[in-house]
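# Tertiary structure, described
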Amino acid sequence: MNATTRSAAGLSVDAIELVINWGLGVDSTAYLVKMLEDPAAHGVDLARTLVMHQLTGDEWPATRAHAEQFVLPLLRQHRVRLVQVARASRALEIAVMDDSRQPARIIERGPWALWDEYEAGGTVPQQGGMRLCSLHAKGEVGDALIAREIGDRPFRQVMGFNADEALRSLRDKAANKNPLRQGVYPLIDWGRGRDRCSAFLYERFGVRWEKSYSLDRCKVNCANIARIDTHAHQLRQTADDLGRQVASGLVPEPLADRLRERAQVLTELADQHDHDRVMAAAGAEL
């Protein structure tokens, strides 16, 4: 979308100076909500700010619902530009799914989701704890959008690393190949860890916010995987939801087959979690 098109659509054509990565999860949402309480106090000019949500197609339904119910009204109130972007194909092409200062909903997925990447490649390798799945689904997509929107101008980019993730900020700085980009890590600067971010959102909205990524899509051999009983319960809920979609008769058969396969994988992951938990408990009693 060029400047003329943005102007016709009622979008600001001011040069973007700040990009905020919003993954919908606890940390980035806590920053976004806190910043919107007083943007000027946080050095933010909303007219020159772009909030970027990179779609993976794999967020928890509850996370999307909370974002729509509690955060989108704030973005509309402050007329913050939200761009929802995804991969258009396996190649590094991007598709802007929504670009608005009055966003109505969180787009569920784009043309090429993280699950499509898994199916096409068989797996997404994990090496030494690197989040390569995030790199493919988010980092590369975000970089491509920034190049399109900002070009050769300097900018700041807010990353939602909490105070417990200082090493991630160091990795982000080390991996930065754009001399015009300045990474910003406000939650680390504020000393706000995951628990404080979660508590802030609960105090503000009265709900427990989920992490942004959806563990039902993670590979069982991924170095970053971690499941608790709540996650296992959500896996079953998502599998049940997929089953209802198939049973409705409204889904074309090729897609229905894929949904059945995904539902089976989710159920197996939840069953494995329950099995491992029982075995661990039995071992602790010995």
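The sections below set out a description of the structure shown in this document. Fair warning: this is a prediction, and the values are worked out from it, not measured in the lab.

Our focus in this paragraph is the environment of Q264. Turning to its location among the elements, Q264 is positioned in helix 10 (residues 253-285). By relative accessible area, Q264 is classed as partly exposed at 48%. As a C-alpha pair, Q264 and R236 span 28 residues in sequence and 9.7 Å in three-dimensional space.

On to the environment of V19. Its location among the elements puts V19 in strand 1 (residues 18-21). Distance in space between the C-alpha atoms of V19 and L50 is 4.9 Å, their sequence separation being 31 residues. Setting aside residues no more than four positions away along its own chain, V19 makes contact with L50, M52, I146, I150, F155, R156, Q157 and V158.

In this section: the sheet that holds strand 6 (residues 181-184). Ordered in space as 4-3-2-1-5-6, the six strands form an open sheet in which the pairing is mixed. Looking at strand neighbours, the two that pair on one side only are strand 4 (94-100) and strand 6, the edges of this open sheet. On average, each strand axis in the sheet is tilted by 25° relative to the strand beside it, whichever way the strands run. In this structure, strand 2 (residues 49-54) lies alongside strand 3 (residues 81-87), joined through five bridges in parallel fashion. When the bridges of strand 3 are listed, H53 appears paired with Q84. Strand contacts of helix 2 (residues 26-37): strand 1, strand 2 and strand 5 (155-158), with the helix running at about 135° to strand 1, the strand carrying the most contacts.

With that out of the way, let us pick up the nonpolar core. Counting 32 residues, the largest nonpolar core has W22, L32 and L75 as the members making the most contacts within it. Those elements giving two or more residues to this core turn out to be strand 1, helix 2, helix 3 (61-78) and helix 8 (194-205). Apart from the residues lying within four places of it in its own chain, the contact partners of L75 are W22, L32, L36, V80, L82, R101 and P103. In terms of nonpolar packing, the next biggest core, distinct from the first, is built from twelve residues, V19, M52, L145 and F155 among them.

Between helix 2 and helix 3, the shortest axis-to-axis distance is 11 Å and the interhelical angle comes to 35°. Note that helix 2 runs across helix 3; the crossing there is left-handed. Taken together, the residues of helix 3 that come into contact with helix 2 (itself represented by T29, L32, V33 and L36) are V71, L74, L75 and H78. Here the residues of the contact of helix 2 with helix 3 sort into six nonpolar, two polar and no charged.

What counts as what
- Residues numbered from 1 in each chain as written.
- Predicted model: local features only at pLDDT ≥ 70, side-chain atom pairs only at ≥ 80, totals over all residues.
- Heavy atoms only, no water.
- Helix = DSSP H or I, 4+ residues; strand = E, 2+ residues; numbered from the N terminus.
- Buried < 20%, exposed > 50% of the residue type's maximum accessible area, 1.4 Å probe, protein only.
- Contact = heavy atoms within 4.5 Å.
- Pairing = 2+ DSSP bridges.
- Axes fitted to C-alpha atoms, helices over the stretch in contact; angles between N-to-C directions.
- Core = buried A, V, L, I, M, F, W, Y, C linked by side-chain atoms within 4.5 Å.
- Left-handed = near helix turned anticlockwise from the far one by under 90°.
- Nonpolar A, V, L, I, M, F, W, Y, C, P; charged D, E, K, R; others polar.

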